[in-house]
Amino acid sequence: MLTLLLACQTGFTDPSRELGPPVSDGPQHPVEVHVPRSLGVVDTALSDIHGTPIGVDCATCHEPDASGEVWAESDSAGGPSSATELTFHRGLVLRHGDLSCASCHAPGEPGTLRLADDRRLDMADTIRLCAQCHGPKFESYRHGAHGGMNGYWDTRRGPRLRNHCVDCHAPHDPTYAQMVPTFPPGDRNPLGAGRSVDASGHEPTHTNGTADGQH
Amino acid sequence: MDNTSRRTLLKAGGATLGAGAFARSIAPITEWTADLSVDAFLQRHYKELTRDEMDVVLRRLEAETVEEYGVSVSIDDPRPTPGVSFGYALNLSICIGCRKCAEACHVENNHDRATHNSYIRVLEMKKGTVDLELGRVDYDHPVPDPDHFYMPVQCHHCDNAPCIKVCPVEATWQEADGIVVVDYNWCIGCRYCEAACPYHARRFNWAKPVVPPEEINPDQAYLSNRVRPQGVMEKCTFCLHRTRNGRLPACLEACPTGARVFGDLNDPDSEIRWVLANKRVFVLKEDLGTRPRFFYYFDG
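About the criteria used
Residues numbered from 1 in each chain as written. Chains lettered and ligands numbered in written order. Predicted model: local features only at pLDDT ≥ 70, side-chain atom pairs only at ≥ 80, totals over all residues. Heavy atoms only, no water. Helix = DSSP H or I, 4+ residues; strand = E, 2+ residues; numbered from the N terminus. Buried < 20%, exposed > 50% of the residue type's maximum accessible area, 1.4 Å probe, protein only. Contact = heavy atoms within 4.5 Å. Areas by Shrake-Rupley, 256 points an atom, 1.4 Å probe, with all protein chains shown as cover. Core = buried A, V, L, I, M, F, W, Y, C linked by side-chain atoms within 4.5 Å. Domains from an automatic or database assignment. pLDDT = per-residue confidence, 0-100. Pairing = 2+ DSSP bridges. Axes fitted to C-alpha atoms, helices over the stretch in contact; angles between N-to-C directions. Phe/Tyr/Trp six-rings, centres within 6.5 Å; stacked < 30°, edge-to-face > 60°. Lys NZ or Arg CZ within 6 Å of the ring centre and 35° of its normal. Expected span 1.5 Å × (residues − 1). Salt bridge = Lys/Arg side-chain N within 4 Å of Asp/Glu carboxyl O. Polar contact = N/O pair within 3.5 Å; in protein donor to acceptor, adjacent residues only side chain to side chain. Parallel < 35°, antiparallel > 145°, perpendicular 65-115°, else oblique. Nonpolar A, V, L, I, M, F, W, Y, C, P; charged D, E, K, R; others polar.

### What about the overall build of chain A?
In step 1: Tallying secondary structure elements over chain A gives 7 helices and 8 strands in all.
In step 2: Across the 215 residues of chain A, 28% fall into the buried class.
In step 3: The long-range share in chain A, meaning contacts at least 24 apart out of those at least 6 apart in sequence, stands at 39%.
In step 4: Accessible surface computed for chain A: about 13000 Å², of which carbon and sulfur atoms make up 58%.

### A closer look at the nonpolar core
All names here are of chain B.
In step 1: If you look at the biggest cluster of nonpolar residues, it comprises 80 residues, and the most contacted ones within it are Met151, Val153, Tyr222, Phe238, Phe262 and Tyr296.
In step 2: When residues of this core are assigned to their parent elements, the largest contribution, 5 residues, is made by helix α5 (residues 51-69).
In step 3: Two domains each provide a minimum of three residues to this core, namely domain 1 (6-76) and domain 2 (84-300).
In step 4: Counting residues in each nonpolar core, the second largest holds 10 residues, with Leu265, Ile272, Val275 and Val283 among its members.

### Comments concerning the confidence of the model for chain A
Residue and element names in this part refer to chain A.
In step 1: Residues with a pLDDT of 70 or more make up 61% of chain A, whose mean pLDDT is 71.
In step 2: Within chain A, helix α1 (residues 2-8) has the poorest average pLDDT of any element, 36, and strand β7 (residues 149-151) the best, 97.
In step 3: Confidence drops under a pLDDT of 50 for residues 66-80, and excluding neighbours within four residues, the segment shows 20 contacts in the predicted structure.
In step 4: Within the model, the stretch residues 189-215 combines pLDDT values under 50 with 71 contacts to residues more than four positions away or in other chains.

### Things to note about unusual backbone geometry
All names here are of chain B.
In step 1: Each neighbour pair has its own omega, and for Val143 with Pro144 the value is -5°, a cis peptide bond.
In step 2: Structurally, the position occupied by Pro144 is in the loop between β3 (121-126) and β4 (148-153).
In step 3: A positive phi angle, close to 50°, is found at Arg291, a residue other than glycine.
In step 4: Position of Arg291 relative to the elements: it lies in the loop between α11 (271-278) and β11 (294-297).
In step 5: By relative accessible area, Arg291 is classed as exposed at 51%.

### As for the pairing of β3 of chain B
All names here are of chain B.
In step 1: In terms of burial, β3 is largely enclosed, as 5 of its 6 residues are buried.
In step 2: The pairing of β3 with β4 spans 6 bridges and is antiparallel. Looking across to β4, one finds that Glu124 is bridged to Tyr150.

### Details of the sheet that holds β11 of chain B
Residues and elements named next belong to chain B.
In step 1: If you walk across this open sheet you meet the 3 strands as β10-β2-β11, and the pairing is mixed. Either end of the sheet is taken by a strand with one partner, and the two such strands are β10 (260-264) and β11. Adjacent strand axes in the sheet meet at a mean angle of 20°, parallel and antiparallel pairs treated alike.
In step 2: Where strand β2 (residues 86-91) meets β11, 4 bridges bridge the pair, whose relative direction is parallel. By the bridge assignment for β11, Ala89 is matched with Phe295.

### Quick notes on the packing of aromatic side chains
In step 1: Summed over all chains, the structure comprises 16 aromatic pairs over all chains.
In step 2: Summarising the aromatic geometry, the rings of Tyr88 of chain B and Phe238 of chain B are spaced 5.6 Å apart at their centres and angled 65° between planes, so their arrangement reads as edge-to-face. Taken together, the residues Tyr88 of chain B in strand β2 and Phe238 of chain B in the loop between β9 (233-234) and α9 (240-243) connect sequence positions 150 residues apart.
In step 3: Summarising the aromatic geometry, the rings of Phe282 of chain B and Phe298 of chain B are spaced 6.2 Å apart at their centres and angled 15° between planes, so their arrangement reads as stacked. Of the two residues, Phe282 of chain B is situated in the loop between α11 and β11 and Phe298 of chain B in the segment after β11; the sequence distance between them amounts to 16 residues.
In step 4: Overall, the relative accessible area of 26% leaves Phe282 of chain B in the partly exposed class.
In step 5: Put simply, the rings of Trp153 of chain A together with Phe86, Tyr88, Phe149, Phe238, Phe262, Phe282, Phe294, Tyr296 and Phe298 of chain B pair up and form one aromatic cluster.
In step 6: For the cation-ring pair, Arg162 of chain A lies above Tyr141 of chain A, with the distance from its terminal atom to the ring centre recorded as 4.2 Å.

### Examining α5 of chain B
In step 1: When the terminal C-alpha atoms of α5 of chain B are compared, their 26 Å separation across 19 residues agrees well with the 27 Å that a helix rising 1.5 Å per residue should span.
In step 2: Within α5 of chain B, the full set of buried residues consists of Met54, Val57, Leu58, Arg60, Leu61, Glu62, Thr65 and Tyr69 of chain B.

### Re the pairing of β2 of chain B
In step 1: Most of β2 of chain B is tucked away, with 6 of its 6 residues classed as buried.
In step 2: Burial of β2 of chain B is two-sided: the residues Phe86, Tyr88 and Leu90 of chain B facing one way and the residues Gly87, Ala89 and Asn91 of chain B facing the other way are all buried.

### Examining the domain arrangement of chain B
Residue and element names in this part refer to chain B.
In step 1: In terms of domain boundaries, chain B breaks down into domain 1 (6-76) and domain 2 (84-300).
In step 2: Each partner contributes to the interface: domain 1 provides 30 residues, whereas domain 2 provides 30 residues.
In step 3: Between the two partners, domain 1 and domain 2, sit 1 salt bridge.
In step 4: With a closest N to O distance of 2.7 Å, Lys208 and Glu68 form a salt bridge.
In step 5: Between the two partners, domain 1 and domain 2, sit 8 residue pairs in polar contact (both at pLDDT 80 or more).
In step 6: Listed by contribution, the elements that provide at least two residues to the side of domain 1 that touches domain 2 are α1 (3-17), α2 (19-30), α5 and β1 (74-76).
In step 7: Among the elements that take part in the side of domain 1 that touches domain 2, α5 stands out by supplying 7 residues, more than any other.

### Considerations on the environment of Leu134 of chain B
All names here are of chain B.
In step 1: Residue placement: Leu134 occurs in the loop between β3 and β4.
In step 2: Assessed through its relative accessible area of 59%, Leu134 is described here as exposed.
In step 3: Here the alpha-carbon distance between Leu134 and Asp159, two residues 25 residues apart in the chain, equals 26 Å.

### Some words on the packing of helix α4 (residues 126-133) of chain A against helix α5 (residues 135-142) of chain A
Residue and element names in this part refer to chain A.
In step 1: Relative to each other, α4 and α5 sit at 130°, their axes nearing to 6 Å. Classed by the angle they form, the pair α4 and α5 counts as oblique. On the side of α4, the interface is formed by Ile127, Ala131 and Cys133, while α5 contributes Gly135, Phe138 and Tyr141.
In step 2: For the contact of α4 with α5, the class distribution of residues is 5 nonpolar, 1 polar and no charged.

This is the structure:
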């Protein structure tokens, strides 16, 4: 019966199955950049009754003008220039080339960023700040080759979400942190994986640790 | 390739492989009465199925998944988008070897849980060397280690793929968008392709994959992440169930460092084309003439 059925099979190809439908050049879906919550507030390590972390607005302490009280107290020339002089922002570590606070924060208005030509930037506009000193990386980022993404490679079919530089690089200490890797790959060879299947001595188990270690 | 010659090859395979290996590799087929429905055994080659026949097959596979794994899933058969040709690039200056990509592949593609199987293997290599065979996969310390760099390796979807040429039954081929696929229902598990692949990218299903029902990814495709039967070959499919619908591959989305770039090689404005034009990319074992669609580069 089997052979009979098998013999009856004829080969033919349904051309309609070869390709999927074309994608029309409609409007593009948006490519958005994720804006981290931390921009513009200091975390207090406290939470409200809903469990939402409480952040304090910079302006609570820093007057938005050059004669701000905190500012004036700390240094007549425009505030402390290195992290070692900090008392309030005690935990803050600055390990970023040889930059000082004023390289990025406008003196007198710490809640505002500034470019090298002293143009002001909103806290949320940090990418332009990074871009002025890291041109090549920013160029790669603009072309999707740095910083990663989520969603659609084909923006005709769906939206895309990009990461912000500070999602991965803390501006004060931008070195990408080390991490512990997730599980090592298993060994699909039944000998290696301790499976109950009898391997009947064919296929040597490679010692793990070479490119060939997993089958 | 008709079914009769495939059966003949099943027998002929025994002579070349050695009795032990052969018995193992065809076990699922010789025991088809227990494990395989008659329909599955008689199913025609993927390319010979009409759309209607394919629908019947897909519904049958969905029903089998309910029966065997206790979950209802949707198995689709997305086809290549006309004019699209996929490519993938990976920045070795950025990759830190965290294996998040391998883990995402494991979850996305319904891999056997106990073995931690994944289509991606991350090699830890001494700086200054690019010898694949010297890479370690079992490193277990915080990464990146300053003396090493990390190289994730998966199927390169070669345009001149040795694995396709050695398949005795045409169960693996390259599709119009460049993705090299396997028809798991046609594969006889002889493992020639595994031996032929210079990148160690193919895996053999020694045992039926075990995945708890709540962990099964229900978004499946016939040629990609549906739960594979025992005794067949499998490998990276560029997540075609996602990418043919315009989405990014799971390994790219999971990469916390942004080292991966995926897209359409035919689109001059695509990210992948920008990388090929502006970075000094290379392919692994170029001298073999495999013409991979998977590229590596270091930031210059």
